[in-house]
Amino acid sequence: MAAELAPAALPAQIDMQEPVSKITFLHALVAGGVAGFVVDIALFPIDTVKTRLQSELGFWRSGGFRGIYKGLAPAAAGSAPTAALFFCAYECGKQLLSYASNTKDSPYVHMSAASSAEVLACLIRVPVEIAKQRSQTLLGHKQHQTALQILVRAYRTEGLRRGLYRGFGSTIMREIPFSLIQFPLWEYFKLQWTPVTGFDSSPITVALCGAVAGGIAAGLTTPLDVVKTRIMLADRESLLRRRSIPAVLHGIYKERGISGLFAGIVPRVLWITLGGAFFFGFYDLTTRLLSAANAAD
């Protein structure tokens, strides 16, 4: 961003001996954790509606509007570490790649850093999603289990890969295309804000850029989100969990057509548009506050 300090702004000179500063790492850790926690808690009901719309059981059999906060505990517990890990990896990867390629603000750097960060973040995100989404739809199964019980049962009955990390591949296949769209757009919008509008950047403008970028990415990747949800919610005996992603997409299309592939697109776009505003806005604000506190010291 042109005029003021922003979380994604790279230093004019990157020290060869220390390409990633301790302050940048700590800022990304704290700011990412705060942003992720605020978003997941504030917008959780929208995520529940989206998950139930995408469930194979259908919206009403999965609980409808009842128990709209089911699954909040695992989401709250996992949001901060997931977001913190992602932004640490993203900011550090961006600086390292910028140094290695001798480029600044390149969309290829942003895409590579975001994709790598998503893979790391999914090590936490996938078990959290398993617990959260099964909690969100448990009303439809007439079950009542805590998030911990869900994860323990998944591990004991299906093991690590097919239980706790079921849907890891489909989650990666959703997150990487999403990041390849969202983060270059976010970075581009931030860079163009001051030249186009004539106003300096602020947490509010960063939030606006994040909202637009997130909404576009969310809409385009909805079919991949539907696949991920179906695989994670499939019964242990279901053949769905053994099918490839293209096969699941084809099955959903044959069953429900285009509307099935884009099930939950409205709450998903709404959730991620609002989430993008909260997430990037709080991330930028927290980073600025930490930078100001560090400068004061």
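Cut-off values and rules
Residues numbered from 1 in each chain as written. Predicted model: local features only at pLDDT ≥ 70, side-chain atom pairs only at ≥ 80, totals over all residues. Heavy atoms only, no water. Salt bridge = Lys/Arg side-chain N within 4 Å of Asp/Glu carboxyl O. Helix = DSSP H or I, 4+ residues; strand = E, 2+ residues; numbered from the N terminus. Buried < 20%, exposed > 50% of the residue type's maximum accessible area, 1.4 Å probe, protein only. pLDDT = per-residue confidence, 0-100. Contact = heavy atoms within 4.5 Å. Disulfide = S-S within 2.5 Å. Core = buried A, V, L, I, M, F, W, Y, C linked by side-chain atoms within 4.5 Å. Expected span 1.5 Å × (residues − 1). Bend = angle between axes of the 7 residues up to and from the residue. 1 Å grid on protein atoms, 1.4 Å probe; cavity = no way out; pocket = protein on both sides within 12 Å on 5 of 7 lines; lining within 4 Å. Points joined across faces, edges and corners; volume = space filled by probe spheres on them. Nonpolar A, V, L, I, M, F, W, Y, C, P; charged D, E, K, R; others polar.

Chemist: Which parts of the structure should I look at to understand the pattern of salt bridges?
Modeler: Pairing is possible between side chains that carry opposite charge, provided their charged atoms lie close to one another. All chains considered together, the criterion is met by 16 salt bridges. Linking Lys94 and Glu187 is a salt bridge whose minimum nitrogen-to-oxygen distance equals 3.1 Å. In this pair, Lys94 is assigned in helix α3 (residues 72–101) and Glu187 in helix α7 (residues 168–197), connecting sequence segments 93 residues apart. Of the two residues, Lys94 and Glu187, neither departs from the other in class, the shared state being buried. Asp225 is paired through a salt bridge with Arg268; the nearest N and O atoms lie 3.6 Å apart. Of this pair, Asp225 sits in helix α9 (residues 222–233) while Arg268 sits in helix α11 (residues 265–296), placing them 43 residues apart in sequence. Taken together, the shared-partner salt bridges connect Asp47, Lys50, Glu129, Lys132, Arg174, Glu175, Asp225, Lys228 and Arg268 into one network.

Chemist: For this particular structure, what's the right way to read the confidence of the model for the protein chain?
Modeler: If pLDDT is low for a region, its predicted coordinates should not be looked at in detail. In this model, the protein chain carries a mean pLDDT of 81, and residues with pLDDT of at least 70 account for 88%. Every residue in residues 1–23 is under pLDDT 50, and counting partners more than four places away or in other chains gives 42 contacts.

Chemist: Help me out: how do you make sense of the state of the cysteines in this one?
Modeler: Every disulfide links exactly two cysteines, by a covalent bond between their sulfur atoms. Throughout the structure, instances matching the rule amount to zero disulfides. For Cys88, which is in no disulfide, the shortest distance to another cysteine sulfur is to Cys92 and amounts to 6.0 Å.

Chemist: Just to check I follow, could you spell out the nonpolar core for this structure?
Modeler: One finds Phe86, Phe87, Tyr90, Phe183, Trp186, Phe279 and Phe280 to be the most contacted residues of the largest nonpolar core, which totals 29 residues. For this core, the element with the highest residue contribution is α3, accounting for six residues. If near-sequence neighbours (up to four positions away) are discounted, Phe87 is found in contact with Ala28, Gly32, Phe183, Phe279, Phe280 and Tyr283. Core analysis: the next-biggest nonpolar cluster, separate from the first, contains ten residues, Ala234, Leu240, Ile245 and Leu261 among them.

Chemist: Would you mind going over the environment of Gly169 with me for this structure?
Modeler: Relative to the elements of secondary structure, Gly169 occurs in helix α7. Along the backbone, Gly169 and Val119 are 50 residues apart, and their C-alpha atoms lie at a distance of 9.8 Å.

Chemist: Explain helix α10 (residues 245–261) here, please?
Modeler: Helical geometry: 3.6 residues make up each α-helical turn, so side chains three or four residues apart lie on a common side. Along its 17 residues, α10 runs just 12 Å from first to last C-alpha, ending more than 12% under the 24 Å computed at 1.5 Å per residue. In the structure, α10 departs most strongly from a straight axis at Glu255, where the bend amounts to approximately 105°. Residues of α10 that are buried make contact with α7 and α9.

Chemist: Would you explain empty space enclosed by the protein in this entry?
Modeler: The method is simple in principle: a probe with the dimensions of a water molecule rolls over the atoms, and the space it marks as empty is what remains. Scanning the entire structure with this criterion turns up one cavity of 30 Å³ or more. Each pocket or cavity is described by its volume, and for the largest cavity that value is around 710 Å³. Asp40, Arg125, Glu175, Trp271 and Phe279 are, among the 32 residues lining the largest cavity, the residues nearest its centre. Only α1 (22–42), α2 (44–54), α3, α4 (107–136), α7 and α11 provide two or more residues apiece to the lining of the largest cavity. Residues of the lining of the largest cavity, tallied by class, amount to 14 nonpolar, seven polar and eleven charged.

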